[in-house]
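Each chain, written out:
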Amino acid sequence: MPIFCDLLMSHDIGGIFTFQNWTGCESFMNQPILKYSNEIRSAVLLIHGEKAHSCYFSKDAYANMIKDSKYASNKELMIIPDAVHTDPYIPFDKLESFYAENLK
């Protein structure tokens, strides 16, 4: 599961002092971030490369979004075959059709 962290750094101010302040992400580590994802009413399109190291997260997120959800009909998971995380895969035709269907 990806963890998002903030980094706040400050350097020499007028030659007087230098300090670094690291804002950690420990508070997110124990958060069940997908627990209520099946309550999302908005349309969601997850696009991921099949060979991306983090593809499992989109699969897990999608599974949680549709499990026991009355809003599952506007959720989609698109896996791009043989693509890794850094491949430039932007399925514009899929984006266009998804937006046309769900942004009415």
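Residues numbered from 1 in each chain as written. Predicted model: local features only at pLDDT ≥ 70, side-chain atom pairs only at ≥ 80, totals over all residues. Heavy atoms only, no water.

Enquirer: Hey, could you run me through the pattern of salt bridges in this one?
Expert: Pairing is possible between side chains that carry opposite charge, provided their charged atoms lie close to one another. Throughout the structure, instances matching the rule amount to two salt bridges. K51 serves as the salt-bridge partner of D82, at 3.5 Å between the closest nitrogen and oxygen. Within this pair, whereas D82 is found in the loop between β4 (75-80) and α3 (92-102), its partner K51 is found in the loop between β3 (44-49) and α2 (55-66), the two being separated by 31 residues in sequence. Neither D82 nor K51 differs from the other in exposure class; each is exposed. (Salt bridge = Lys/Arg side-chain N within 4 Å of Asp/Glu carboxyl O. Helix = DSSP H or I, 4+ residues; strand = E, 2+ residues; numbered from the N terminus. Buried < 20%, exposed > 50% of the residue type's maximum accessible area, 1.4 Å probe, protein only.)

Enquirer: Just to check I follow, could you spell out the side chain of S69 for this structure?
Expert: If you trace the backbone, S69 turns up in the loop between α2 and β4. Among the polar contacts made by the side chain of S69, one reaches the main-chain carbonyl oxygen of M65 at a distance of 3.5 Å. (Polar contact = N/O pair within 3.5 Å; in protein donor to acceptor, adjacent residues only side chain to side chain.)

Enquirer: What exactly am I supposed to notice about the confidence of the model for the chain here?
Expert: Residues shown with low pLDDT carry predicted positions that ought not to be read at fine detail. Across the chain, the average pLDDT comes to 78, with 71% of residues at 70 or higher. Mean pLDDT across the secondary structure elements of the chain bottoms out at strand β1 (residues 6-13), with 39, and peaks at β4, with 94. Predicted confidence is poor over residues 1-21, with pLDDT under 50, and the contacts of this stretch with residues over four places away or in other chains come to 27 contacts. (pLDDT = per-residue confidence, 0-100. Contact = heavy atoms within 4.5 Å.)

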